Amino acid sequence: MTTTQTRPRRLSDRAHRVLFQLALHPDGEWVDLASIYTGLGLNSHQVRSAVTELRNAGMAERRYRYLSNESGRRSKRTDFRLTNDTPSEASA
């Protein structure tokens with residue numbers, strides 16, 4: 001009988017950079033997308049794909065919030081943070 005081992009998917013370099021940027025905000029602080037890509041010197045599309053990798057790996061979560069400007073127009077802002085239940089290697 002053969003057993004197959006599943007290797008965890010490796011994260012890209014951009015996903016690691018976004019992970020470290022999110023780690024700079026402790027205690028589950030929500031960070032907006034603009035702050036992430038400005039801090040890393042990337043564009044929004046590059047950060048979005050990296051955050052998607054982190055979310056698929058269960059390492060980050062997102063929320064939407066709606067903001068209104070002076071004229072009353074509403075826009076949607078996406079925030080991200082690290083999940084609190086990230087498994088550690090010490091407990092494995």
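Residues numbered from 1 in each chain as written. Predicted model: local features only at pLDDT ≥ 70, side-chain atom pairs only at ≥ 80, totals over all residues. Heavy atoms only, no water.

Colleague: Can you help me understand the overall build of the protein chain in this one?
Modeller: From N to C terminus, the protein chain includes three helices and three strands. Sequence-ordered secondary structure for the protein chain, helices as α and strands as β, is α-β-α-α-β-β. Going through the 92 residues of the protein chain one by one, you find that 25% of them count as buried. Summarising the internal contacts of the protein chain: among those between residues at least 6 apart in sequence, 50% fall at separations of at least 24. Of the roughly 7200 Å² of accessible surface on the protein chain, a fraction of 46% belongs to carbon and sulfur atoms. (Helix = DSSP H or I, 4+ residues; strand = E, 2+ residues; numbered from the N terminus. Buried < 20%, exposed > 50% of the residue type's maximum accessible area, 1.4 Å probe, protein only. Contact = heavy atoms within 4.5 Å. Areas by Shrake-Rupley, 256 points an atom, 1.4 Å probe, with all protein chains shown as cover.)

Colleague: What should I look at first to understand the confidence of the model for the protein chain in this one?
Modeller: Do not read the fine detail of predicted coordinates wherever pLDDT is low. Here the protein chain averages 84 in pLDDT, and 82% of its residues register 70 or above. Counted against residues more than four places away or in other chains, residues 88-92, with its pLDDT under 50, gives zero contacts. (pLDDT = per-residue confidence, 0-100.)

Colleague: Help me understand helix 1 (residues 13-23) in this model?
Modeller: In an α-helix, one turn spans 3.6 residues; hence positions three or four apart end up facing the same way. Among the residues of helix 1, those classed as buried are Ala15, Val18, Leu19, Gln21 and Leu22. When helix 1 is viewed along its axis, its buried side chains cluster within an angular range of 160° and face the same direction. Facing away from the buried side of helix 1 by more than 90 degrees, the exposed set consists of Asp13 and Phe20. Buried residues in helix 1 make contact with strand 1 (31-32), helix 2 (33-40), helix 3 (44-56), strand 2 (60-68) and strand 3 (74-82). (Arc of directions from axis to C-beta.)

Colleague: Looking at this model, I keep getting lost on the nonpolar core. Mind explaining?
Modeller: In globular proteins that are soluble, nonpolar side chains generally tend to be buried together. Counting 16 residues, the largest nonpolar core has Val18, Leu22, Ile36, Val47, Leu54 and Phe80 as the members making the most contacts within it. Secondary structure elements with two or more residues in this core: helix 1, helix 2 and helix 3. Residues within four places of Val47 in sequence aside, it is in contact with Val18, Leu33, Ile36, Tyr37 and Leu42. (Core = buried A, V, L, I, M, F, W, Y, C linked by side-chain atoms within 4.5 Å.)

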